[in-house]
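Listed below, chain by chain, are the residues.
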Amino acid sequence: MRSADITQSEMFSYRTLEQRIPASHPLRKLRMLVDGLLATLHADFEELYAKTGRPSIPPERLLRASLIQTLYSIRSERQLVQHIDYNLLYRWFVGLNMDDKVWDHSTFTKNRDRLLNETVARAFFGKVLGLAQWHGLVSSEHFSVDGTLIEAWASAKSFKAKDGSGKPPEDGGRNATVDFTGEERKNDTHASTTDPDARLFKKSKGDKARLCFMGHALMENRNGLAVDVETTLATGKAEREAAAVMAKRSLKRGSTLGADKNYDTAGFVKAMRAQGITPHVAQKTHGAIDGRTTRHAGYGVSLRVRKRIEEIFGWAKTVAGLRKTCFIGLAKVKAQTTFTLAAYNLTRMATIFGWRLNTV
């Protein structure tokens, strides 16, 4: 017998939000991990808020919501708030009840900007990494390093001469036409009016120059987890300089560090050896790496394993939306990059544990 297609709104619900989430759902396990990590950040959160005044959005809920946005490729705060409003799974993960009012997107953005700074993001990253180390997932000897471009939230038209000598727009309107033909544009003489921290840069020959930042990751070779992260201005030396900073901060003497040919310079190799770190850098035709390093079998292993670092950048750009940042200024991009790699480590750990998060 065919049933009638009649929709009648129910006045009451007899199932709680907790009952609607399947007991076997992998986000249950992930939330247990995240709640434990956030509990250890209680003192850090206390320092960010005044003792009096109107209560704000709980920082734990802000970070859980930001994690949902990263894991499920939600491209804006406006869409994130909409998803949390009608998606019961997201509502439950953030910590809202079924009838709780969801924040306005502008309120969320303002509170998030105050909370998600580099200090808090790095603290969260450190807690995630500490959990991975506690489970024995992090190598203490073999590492890899690389950098990638993060496109800035600024258009090429905003890159104008600092002295105002550039060509004026050819027509009016919101998106005026600008002709750059014959104009030499350099970071020394030009700057973006939208994001002054962005730099015009290209990483390889034949590629187009774009306004961007540069993100750097230090990966341990056992399970491909990120153990350190940096975000810098885009320059030709940024990768080697950031690698030296991360190596000094996170590696101990006797470690190996794999990298591509861009790191095969006399200065970088000498700096690593001075720290007691063996640079397993891909060899150039006339580079600084010689037989003292290449004759060992471990050198070839490092060159093969180091390519896994592209999985970190690939996930960050395709899933987490880091290909083009939505933030302006190096400080905010640093916080976004650090938080994104912390989220990557959580998903990587979930994969190792056999959980299927069913993210995009």
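You'll find the structure just up there.
Rules used in this analysis
Each chain has its residues counted from 1, following the order in which its sequence is written. Two thresholds apply to this predicted model, a pLDDT of at least 70 for residue-level local features and 80 or more for giving and counting side-chain atom pairs, whereas whole-chain, interface and lining totals are computed over all residues. Computation of side-chain values covers all heavy atoms of the structure but excludes hydrogens and water. Pairing of aromatic side chains requires ring centres within 6.5 Å, counting the rings of Phe and Tyr and the six-membered ring of Trp. Pairs whose planes differ by under 30 degrees are stacked, by over 60 edge-to-face, and all others tilted. Numbering goes from the N terminus for both helices and strands, where a helix is a DSSP run of H or I of at least four residues and a strand is a run of E of at least two. Relative accessibility under 20% of the residue-type maximum defines a buried residue, over 50% an exposed one, and the middle range a partly exposed one, all with a 1.4 Å probe and only protein chains included. Consider the ring centre and the ring normal. A charge sits over the ring if Lys NZ or Arg CZ is within 6 Å of that centre and within 35 degrees of that normal. Salt bridges are identified by distance alone: a Lys or Arg side-chain nitrogen within 4 Å of an Asp or Glu carboxyl oxygen.

**Student:** Teacher, can you tell me more about the packing of aromatic side chains here?
**Tutor:** Within a pair of aromatic rings, the relevant descriptors are the distance that separates the centres and the angle that separates the planes. Per the counting criterion, the structure on display carries 6 aromatic pairs. Considering the side-chain rings of Trp315 and Tyr344, the 5.7 Å spacing of their centres and the 65 degrees angle between planes classify their relative orientation as edge-to-face. With Trp315 in helix H13 (residues 309-318) and Tyr344 in helix H14 (residues 330-353), this pair connects stretches of sequence that are 29 residues apart. Of the two residues examined, Trp315 and Tyr344, each falls in the buried class. In this structure, Arg31 is placed above the aromatic ring of Trp92, and the distance from its NZ or CZ to the ring centre is 5.2 Å.

**Student:** I would appreciate a short explanation of the pattern of salt bridges in the present structure.
**Tutor:** Side-chain pairs of opposite charge can arise where the charged atoms are in close proximity. For the coordinates displayed, the defined rule picks out 18 salt bridges. The closest approach of N and O atoms between Arg28 and Glu18, which form a salt bridge, is 2.6 Å. Within this pair, whereas Arg28 is found in helix H2 (residues 26-39), its partner Glu18 is found in helix H1 (residues 17-20), the two being separated by 10 residues in sequence. With a closest N to O distance of 3.2 Å, Arg122 and Asp228 form a salt bridge. Separated by 106 residues along the polypeptide, Arg122 in helix H8 (residues 118-134) and Asp228 in strand E6 (residues 226-233) bring together distant segments of the chain. Judged by its relative accessible area of 2%, Asp228 falls in the buried class.

By themselves, these are just geometric observations and shouldn't be taken as functional.
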